[in-house]
Amino acid sequence: MAAHAPTAPRRRWGSTVAGLLVLAVMLFPLYWMLNTALQPDSGLLQVDPVPPGLDLSGFTKALTDQGGNLLTSLLVSAGAVVICLAIAAPAAYGLARFGLRGSRTIVFGTLITQMVPGIVVANALYTSYVDLGLVNSYAGLMLADASLGIPFSIVLMRSFMVSIPGEVIEAAEIDGAGPVRVFLRVVLPMSRNALITSGLFAFLFAWSDFMFALTLNTTDDVKPVTLGIYQYIGAHVGDWGSVMAAAVLSAVPAAILLVLAQKYIAAGITGGSVK
């Protein structure tokens, strides 16, 4: 037994080293993006492995050029989250609690919609948006981006709401609460982790959207940061420092939300696995 005792520490060290190597490979593009942003006067092939100093002029220029687009993305993403949760939460509750015939088929069909290529949906929406007057509008882009998160949110929240004890809902009904009040006062507070997780993913889907932003906007009236960076590269192909600075700035809101909501994400994803 003594001869095999050192094996476990070696395995732990080996797993740690392997994990650090994988993490380094995954984070290297982010590091190189930040490194390039801090060297705005260097060409793409002349960037030093380590920035010689903290030159923030690229960030200043990127913020001046892309600040309005960042605000547009924040507004559109926040609106998409509200629309997504307003539709997905009642739908998930109905599928979880009302014993609808064919509910499993509905959930499966909801998952299938995630597999439809985005360009197909964008082209179909464009024709409808022209008729409805939603092209080049905040509301139109919010609705389109919300559709990216609705299927995922329905599936996630349904799996969580199924695990809510039926006795809790029955007790509320005995106290005189109707279906709407039970949903608002009992189900939603108990589904907080799933709601936060769904809202975060809906935000990330909308924040990173490029296909709808490019297809459903023909002017610069509504330009999210993804579309702004795309056009920025074409206009400043020789100024990669500013381009990378704009990319870093666009990643900051999503990174902050992920850090703040990480405990809710873990609880929301695993909450429906235990009843």
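About the criteria used
- Residues numbered from 1 in each chain as written.
- Predicted model: local features only at pLDDT ≥ 70, side-chain atom pairs only at ≥ 80, totals over all residues.
- Heavy atoms only, no water.
- UniProt positions renumbered as here; feature names shortened; annotations may be inferred.
- Phe/Tyr/Trp six-rings, centres within 6.5 Å; stacked < 30°, edge-to-face > 60°.
- Helix = DSSP H or I, 4+ residues; strand = E, 2+ residues; numbered from the N terminus.
- Buried < 20%, exposed > 50% of the residue type's maximum accessible area, 1.4 Å probe, protein only.
- Axes fitted to C-alpha atoms, helices over the stretch in contact; angles between N-to-C directions.
- Parallel < 35°, antiparallel > 145°, perpendicular 65-115°, else oblique.
- Contact = heavy atoms within 4.5 Å.
- Nonpolar A, V, L, I, M, F, W, Y, C, P; charged D, E, K, R; others polar.
- Expected span 1.5 Å × (residues − 1).
- Patch = residues over 30% accessible without salt bridge, like charges linked within 9 Å, V, L, I, M, F, W, Y side chains within 5 Å.
- Areas by Shrake-Rupley, 256 points an atom, 1.4 Å probe, with all protein chains shown as cover.
- Salt bridge = Lys/Arg side-chain N within 4 Å of Asp/Glu carboxyl O.

Looking at an unreviewed UniProt entry, one finds the protein chain named Carbohydrate ABC transporter permease and attributed to Streptomyces sp. R17. Turning to the protein chain, the UniProt annotation filed under Sequence similarities (unreviewed entry) states: "Belongs to the binding-protein-dependent transport system permease family." The record held by UniProt for the protein chain lists under Subcellular location (unreviewed entry) the comment "Cell membrane".

Quick look at the packing of aromatic side chains
This model, assessed by the stated rule, comprises nine aromatic pairs. Ring geometry for Phe-152 against Phe-205: centres 6.2 Å apart, planes inclined by 90 degrees, an arrangement best described as edge-to-face. In this pair, Phe-152 is assigned in helix α5 (residues 138-162) and Phe-205 in helix α8 (residues 192-207), connecting sequence segments 53 residues apart. Judged by its relative accessible area of 26%, Phe-152 falls in the partly exposed class. Overall, the relative accessible area of 29% leaves Phe-205 in the partly exposed class. Centroid distance Phe-201 to Phe-205: 6.3 Å. Interplanar angle 50 degrees. Geometry classified as tilted. Of this pair, Phe-201 and Phe-205 both sit in helix α8, separated by four residues, roughly a single helical turn. Overall, Phe-201 belongs to the partly exposed group, its relative accessible area being 24%.

Details of the packing of helix α2 (residues 57-97) against helix α7 (residues 179-190)
The relative placement of two packed helices comes down to the angle between their axes together with the axis-to-axis distance. Contact geometry for α2 and α7: axes closest at 12 Å, N-to-C directions at 95 degrees. Comparing their axes, α7 and α2 come out roughly perpendicular. Each of Ala-89, Pro-90 and Tyr-93 in α2 lies in contact with α7, whose residues at this interface are Val-182, Phe-183, Val-187 and Leu-188. For the contact of α2 with α7, the residue count by class is seven nonpolar, no polar and no charged.

Topic: the UniProt feature "transmembrane region" (unreviewed entry) in the protein chain
Those residues carrying the UniProt feature "transmembrane region" (unreviewed entry) are residues 12-34, 70-93, 105-126, 138-157, 194-214 and 240-261 in this numbering. Taken end to end, residues 12-34 is 100% helix and 0% strand, and its two terminal C-alpha atoms sit 32 Å from one another.

With respect to helix α4 (residues 118-132)
Between the first and last C-alpha of α4 there are 20 Å, a value that for 15 residues agrees with the 21 Å anticipated at 1.5 Å per step. Gly-133, located one to two residues past α4, shows a positive phi value of around 75 degrees.

Brief notes about a nonpolar patch on the surface
A cluster of nonpolar side chains, Leu-20, Leu-23, Leu-27 and Leu-30, forms an exposed patch at the surface whose accessible area comes to about 370 Å². Considering the arrangement of structural elements, one finds Leu-20 in helix α1 (residues 7-37).

What about the side chain of Thr-110?
Among the structural elements, Thr-110 can be located in helix α3 (residues 103-113). Under the relative-accessibility criterion, Thr-110 is labelled buried at 12%. Sequence-distant contacts of Thr-110, defined by excluding residues within four places in its chain, comprise Pro-151, Ile-154 and Val-155.

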